[in-house]
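Spelled out, the chains give:
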Amino acid sequence: DPVSSDQANAIRASWAGVKHNEVDILAAVFSDHPDIQARFPQFAGKDLASIKDTGAFATHAGRIVGFISEIVALVGNESNAPAMATLINELSTSHHNRGITKGQFNEFRSSLVSYLSSHASWNDATADAWTHGLDNIFGMIFAHL
Ligand code: HEM
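(A) Just the overall build of the protein, in detail. Helix and strand counts for the protein stand at eight helices and zero strands. Over its C-alpha atoms the protein spans a radius of gyration of 15 Å, differing by no more than 12% from the 15 Å that the globule rule assigns to 145 residues. With the C-alpha coordinates aligned to their principal axes, the bounding extent of the protein is approximately 40 × 35 × 25 Å. Within the protein, the fraction of its 145 residues that count as buried is 39%. Residue pairs in contact within the protein that sit at least 24 positions apart in sequence constitute 71% of those at least 6 positions apart.

As structure tokens, this is what we get:
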């Protein structure tokens, strides 16, 4: 079932505190999960400290974190459901074609939530809201992956 409007507000409020930390968020994901970094041709096998401050890293971080911002902007309004489904299906297809696994998506998710919990305003209700929203999104991704 869709997130409530209170949950959508909690997701948006917490995301607002970190959504400009694109480079920091992608670096946290790569640092927690080197197997994810290894899937990026430009970054595979390189020392994270040596790539983190490059333009290529900022570009990728902006795409990935920007995608999450698009979804967060749409959450909580049923009339946005078709637009969300289109974005998610495109993401699933492009990542399916790269051979990205469910396990790696779950790794990404755990780093994202860990980053949020330590850098955004956070409490039990906010944690529950993200769990609910991410369960919905990841259910859609996994249906197509
Ligand atoms: C919810 C999680 C994720 C989001 C929101 C996300 C988002 C994106 C976006 C927006 C792009 C650029 C557009 C595209 O090619 O589709 C992209 C590219 C890519 N993603 Fe993801 N991604 C996620 C998870 C992952 C995971 C878990 C991996 C690897 C294990 C991964 C590997 C890649 C690669 C290799 C590219 C291509 C980079 C290039 O152009 O060289 N992504 N991702």
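Additional details are given in the paragraphs that follow.
(B) The packing of helix α2 (residues 22-32) against helix α5 (residues 55-74), seen in detail. The geometry of α2 relative to α5 is characterised by a closest axis approach of 8 Å and an angle of 90° between their N-to-C directions. If you check the angle between α2 and α5, you find them roughly perpendicular. For the pair α2 and α5, the contacting residues are E22, V23, I25, L26, A27 and F30 in the first and F57, A58, H60, A61, G62, I64 and V65 in the second. In terms of residue class, the contact of α2 with α5 is made up of 10 nonpolar, two polar and one charged.

(C) Looking closely at the pattern of salt bridges. Scanning the entire structure with this criterion turns up two salt bridges. For the salt bridge of D24 with K52, the shortest nitrogen-to-oxygen distance reads 3.5 Å. Placement of D24 in helix α2 and of K52 in the loop between α4 (48-51) and α5 is noted, with a sequence separation of 28 residues between them. A relative accessible area of 32% means that D24 is categorised as partly exposed.

(D) Looking closely at the packing of helix α1 (residues 5-16) against helix α8 (residues 124-144). In the contact formed by α1 and α8, the axes pass within 9 Å of each other and the chain directions differ by 105°. By the angle class used here, α1 and α8 are roughly perpendicular. Facing α1, whose interface residues are Q7, A10, I11, S14 and W15, α8 presents T126, D128, A129, W130 and H132.

Thresholds, definitions, all that
Residues numbered from 1 in each chain as written. Predicted model: local features only at pLDDT ≥ 70, side-chain atom pairs only at ≥ 80, totals over all residues. Heavy atoms only, no water. Helix = DSSP H or I, 4+ residues; strand = E, 2+ residues; numbered from the N terminus. Rg over C-alpha atoms; globule rule 2.2 N^0.38 Å. Buried < 20%, exposed > 50% of the residue type's maximum accessible area, 1.4 Å probe, protein only. Contact = heavy atoms within 4.5 Å. Axes fitted to C-alpha atoms, helices over the stretch in contact; angles between N-to-C directions. Parallel < 35°, antiparallel > 145°, perpendicular 65-115°, else oblique. Nonpolar A, V, L, I, M, F, W, Y, C, P; charged D, E, K, R; others polar. Salt bridge = Lys/Arg side-chain N within 4 Å of Asp/Glu carboxyl O.

Don't take any of this as a statement about function, it's just geometry.
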